[in-house]
Amino acid sequence: MTQSYRRSGDETPQDRPYAYGDDHGQGYGHGHEAYGASPGAGFSEHAVPPPPPYAPERRRRARRPVALIAAVALASALIGGGSAALIAGATQTSAQNSSSTPLVNAGKTSGSGVSGVAKAVSPAIVEIKAQSAKGESTGSGVVVTSAGEIVTNNHVLAGADTVTVTFSDGSRKTAEVVGTDPDKDLALVKVRGAKNLTAASLGDSSKITVGDQVVAIGSPEGLTGSVTSGIVSALDRDVTVPKEEGQGQQDGPGDRGGWPFEFGGNQYNGDTGSSKTSYKAVQTDASLNPGNSGGALINMQGQIIGINSAMYSPSSASSSSAGSVGLGFAIPINTVKDDLDALRGGGNSGV
C-alpha cells in the first residue's frame, strides 16, 4: 500500500481541518476520490477533505494583523502629524524671529555684524590733529556731508591754530574750524576743496535701548581707524566736562590720563576746572581710549548714534596700564543734529 505523505514545510494546523496536496497542488480528502481512480488505490485510509472555500478561522486570524497594521498606521499618522506641526511651528517661529537687519552702506561695501558695520562706516571716520601754541591734540571726527563737513568734540579743537584731517585711506587734508559749541562739547570743521566724500548716516538716538550692540570707531593713541564693540550700558548719564579753551585734554600719547570729566559729583581723569558744561550721555562698554574723542558710536544698522566724548581711566593708571575699563560716554546724535545749523553759523562761543 502506498503510504500517505506531506511535503516538507507543510505544518499541520492543530485546531482546524487539514488537507494535503499532491505534487501538483491537487487536494484530496474524505469521501472525495480522485477523478478516474479506484477507491482506495494509492491513497491513505484516512483521506483528508479539502479546505472549505473560505476558512473562517483563518480570516478571523488575518483580521488581527490587518487591524494592528491599521492601528500602527493611524498612530504613525498622528505622530507624524504632530511632528509636522512642531516642525511647522518652529519654522514659523524662526521666520518671525529672523528679521534681517539692513546695513547702511556708507562705504559701498556689504557685510553683517561688527565687520560689516566697520567696512561700511570706516571711510566716514577720520583722525584729527589740532596744533596750538600749547601743543598738539589728537582726536577723531565723523564726516557728515560729502562736501567735507566733519563733526568732532570741542575739546579736541580747543585753541587750535591749524587742523589736519587723515582719512581711512591714509590721505591727509587741511581743514578749517567752522563753528564750536563748548556748551555741548561739539565742533564742526570743513575740509578745504573736498568733494564726493563718504558721509556717515546719522541715526536716531531716541530709539537706543540699554543692551543694544554698538561699534566704536576712532583713533585711540593715534591708531587711525581702530574698531571696538560693546553694548549700550546706560542712557541719560549726567556727564560734566570742561569747556574753556586750554582746558581740553591733549588726546595723544603724551597724556594717558584721559579726558577729565565729572559724574555723580566726583571728578575723574583730572580737574575739570571752573568753566564746565553738562549733557546727557550714552554710556557704553565699547573700549574707548584717548584719541577716540570725536569719533563715532554706531548701531548695527551702520548709523551714527553718538559722538564719543569721555572715558573713565583709573586715577592710579600709569603710562603702561592706562586704558579703557569699559566706562565710555557719547553725546547723543540727536543733540548733534539739533546743533548742526548753529555750528554752520559759527556755533556758540560759550560763557
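Note that the coordinates shown come from a computational prediction; the quantities given were computed from them, not determined experimentally.

J.: I'd like to hear about the side chain of Ser 219, residue by residue, with values.
T.: Looking at where Ser 219 falls in the secondary structure, it is placed in the loop between strand E10 (213–218) and strand E11 (226–242). Look past the residues within four positions of Ser 219 in its chain and what remains in contact with it is Val 126, Glu 127, Gly 139, Ser 140, Thr 224, Gly 225, Pro 290, Gly 291 and Asn 292.

J.: An account of the pattern of salt bridges is needed here, citing residue identities and associated values.
T.: Side chains that carry opposite charge are capable of pairing whenever their charged atoms lie near each other. In total, this model carries six salt bridges according to the counting rule given. Residues joined in a network through salt bridges with shared partners are Glu 149, Asp 341 and Arg 344.

J.: Provide a residue-level description of the environment of Asn 289, including the pertinent values.
T.: Looking at the secondary structure, you find Asn 289 in the loop between strand E14 (276–284) and strand E15 (296–298). Using a relative accessible area of 19% as the deciding quantity, one classes Asn 289 as buried. Side-chain polar atoms of Asn 289 contact the side chain of Ser 287, separated by 3.4 Å.

J.: An account of the pairing of strand E6 (residues 162–166) is needed here, citing residue identities and associated values.
T.: Regular strands place their side chains on alternate faces of the sheet. In this structure, strand E3 (residues 125–132) lies alongside E6, joined through five bridges in antiparallel fashion. Looking at the pairing, Ile 128 lines up with Val 165 of E6. Bridge analysis of E6 against strand E7 (residues 172–181) gives four bridges, and the strand direction is antiparallel. Within E7, the residue paired with Thr 164 across the bridge is Thr 174. If you look at the hairpin formed by E6 and E7, you'll find five residues sitting between the two strands, and Gly 170 has a positive phi there, around 95 degrees.

J.: An account of the side chain of Asp 181 is requested, with residue identities and associated values reported.
T.: Assignment of secondary structure puts Asp 181 in strand E7. Among all residues touching Asp 181, those that are not within four sequence positions of it are Asn 154, Leu 186, Asp 339, Leu 343 and Asn 348.

What counts as what
Residues numbered from 1 in each chain as written. Predicted model: local features only at pLDDT ≥ 70, side-chain atom pairs only at ≥ 80, totals over all residues. Heavy atoms only, no water. Helix = DSSP H or I, 4+ residues; strand = E, 2+ residues; numbered from the N terminus. Contact = heavy atoms within 4.5 Å. Salt bridge = Lys/Arg side-chain N within 4 Å of Asp/Glu carboxyl O. Buried < 20%, exposed > 50% of the residue type's maximum accessible area, 1.4 Å probe, protein only. Polar contact = N/O pair within 3.5 Å; in protein donor to acceptor, adjacent residues only side chain to side chain. Pairing = 2+ DSSP bridges.

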